Amino acid sequence: MHTHKPTLFSFSKQTIKDHYRVGYQKTGWLQKEYNSDYIFVDLEKYYFNLRDQIAQLLIYKRFINQTIQLEELHDYVPEEFKQYGHDGISKIGTFFYETNAQFIKTLHEFIHHILYKKIIKLPFLFQATPTFRIHCPNSANAEFFPHFHTDLALGHPPYEINLWIPLTEKRSGHGFYLATVENSNKIARFIDYDIPSLMDDTVFRNQHYLAFCKPKLFEINVEKGWGLMFDGRCFHTAMPISDHTRISIDFRIVLQEDFVKAELIYENRGIRKQLLLLPNDYYYSLTSADL
Ligand SMILES: [Fe+2]
């Protein structure tokens, strides 16, 4: 049904740069609706429900054999599972690409009842498989961070909305840094809008790039029981945590109206999988309204 549209990476590098340059000039949905580049989302009872589901998944995957304080998970996990891969996802996080029916049910209830009914109020598509990030203290390859990037680097649309949901209590801080769209545009301009190059470690570990980015992001405090919704153009990075385990899930959203209007099909050029940003592919088969 969408196959008549060309895919992002079928265009020339220059066309993709121009596309993102123009994308940074537009007014995003959060900016229109909330007059901000980011908002906090009250998770309500789903903070506890999702936490419980994660504990159950950890038992189901045999990392633990009884419920524990999730913040103490690093005491139960062998070192090799704590280390980060080339995408900044720890090995233990990769065990959660598959969840189970109960987890998915809880997540979809949250998406429908909170995100759709209370926040966005429009049908949207969302990433079918949320990304689990489990940061343990002193993990190998932690020098991957900071990874100053926007998910547009994977081939995502400039109108994307990003949702980050920490599910552990912060102790020394959650270590999540964000730049406004305005500052993100400055960073994008610094790399001449070659956003996909941000997946290349020679680009994101370049000393000039790091020095340019650093003062443009601020540490964002997300209180217990809240999530962070931000304009997908915002540069961000996690930072490793030193004294407790942080578990978060994140996923991306696009309004159905933006998806339908788009003249191209965006892509997800992750390390793990190449996906098209279509329903039943990167996105779940149903919209938020139809769950
Ligand atoms: Fe990201």
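Residues numbered from 1 in each chain as written. Predicted model: local features only at pLDDT ≥ 70, side-chain atom pairs only at ≥ 80, totals over all residues.

Turning our attention to the overall build of the chain. When helices and strands are counted, the chain shows 9 helices and 11 strands. The C-alpha atoms of the chain give 18 Å as radius of gyration, which agrees with the globular expectation for 291 residues (19 Å, within 12%). With respect to the principal axes defined by its C-alpha atoms, the chain has extents near 50 × 45 × 35 Å. Each of the 291 residues in the chain was classed as buried or not, and the buried ones make up 41%. Within the chain, contacts between residues at least 6 apart in sequence are counted, and of these 84% link residues at least 24 apart. (Helix = DSSP H or I, 4+ residues; strand = E, 2+ residues; numbered from the N terminus. Rg over C-alpha atoms; globule rule 2.2 N^0.38 Å. Buried ≥ 20, exposed ≤ 12 C-beta atoms within 10 Å, placed from the backbone. Contact = placed C-beta atoms within 7 Å.)

Turning to the sheet that holds strand β5 (residues 176-178), a few remarks are in order. Pairing between the strands of a sheet comes from backbone hydrogen bonds, and it takes one of two forms, parallel or antiparallel. Read from one edge of the open sheet, 3 strands run β6-β5-β8, paired in antiparallel fashion. Sheet topology places β6 (218-219) and β8 (236-238) at the edges, where each strand pairs with a single neighbour. Bridging between β5 and β8 involves 3 bridges; their strand directions are antiparallel. Each residue of the ladder has a partner; that of F176, found in β8, is A238. (Pairing = 2+ DSSP bridges.)

A few words on the packing of helix α3 (residues 46-60) against helix α5 (residues 101-120). In a packed pair of helices, the relevant descriptors are the angle between the two axes and the axis-to-axis distance. Running from amino to carboxyl end, α3 crosses α5 at an angle of 165°, the nearest separation of the two axes being 9 Å. Taken together, α3 and α5 sit at an angle that is classed as roughly antiparallel. Considering the relative orientation of α3 and α5, their crossing is left-handed. Two secondary-structure elements touch here, α3 through Y46, N49, L50, Q53, Q56 and L57 and α5 through Q102, F103, T106, F110 and I114. When grouped by side-chain class, the residues that make up the contact of α3 with α5 number 6 nonpolar, 5 polar and no charged. (Axes fitted to C-alpha atoms, helices over the stretch in contact; angles between N-to-C directions. Parallel < 35°, antiparallel > 145°, perpendicular 65-115°, else oblique. Left-handed = near helix turned anticlockwise from the far one by under 90°. Nonpolar A, V, L, I, M, F, W, Y, C, P; charged D, E, K, R; others polar.)

We now examine unusual backbone geometry. With glycine set apart, most residues show a phi of negative sign, and most peptide bonds adopt trans. Positioned with a positive phi, N35 is a non-glycine residue whose angle comes to about 55°. Relative to the elements of secondary structure, N35 occurs in the loop between α2 (29-34) and β1 (38-42). Classification of N35 by C-beta neighbours within 10 Å gives exposed; the count is 8. Here the phi dihedral of N280 falls at roughly 70°; this positive angle occurs in a residue that is not glycine. With respect to the helices and strands, N280 occurs in the segment after β11 (274-276). On the basis of neighbour counts, which here come to 10 C-beta atoms within 10 Å, the residue N280 falls in the exposed class.

This part takes up the environment of Y193. Its place among the elements puts Y193 in the loop between α6 (181-190) and α7 (201-204). Residue classification places Y193 among the buried residues on the basis of 21 C-beta atoms within 10 Å. Considering only alpha carbons, one finds Y193 and D52, 141 residues apart in sequence, at a separation of 41 Å. Setting aside chain neighbours within four positions, we find Y193 in contact with K17, Y20, R21 and A188.

For the rest of this paragraph, the subject is α5. Here α5 spans only 25 Å end to end across 20 residues, well under the 28 Å set by a 1.5 Å rise per residue. At I111, α5 is bent by approximately 25°, the largest bend along its length. Where α5 is buried, its residues contact β1, α3 and β2 (124-126). The first or second residue beyond α5 is K121, which carries a positive phi of 60°. (Expected span 1.5 Å × (residues − 1). Bend = angle between axes of the 7 residues up to and from the residue.)

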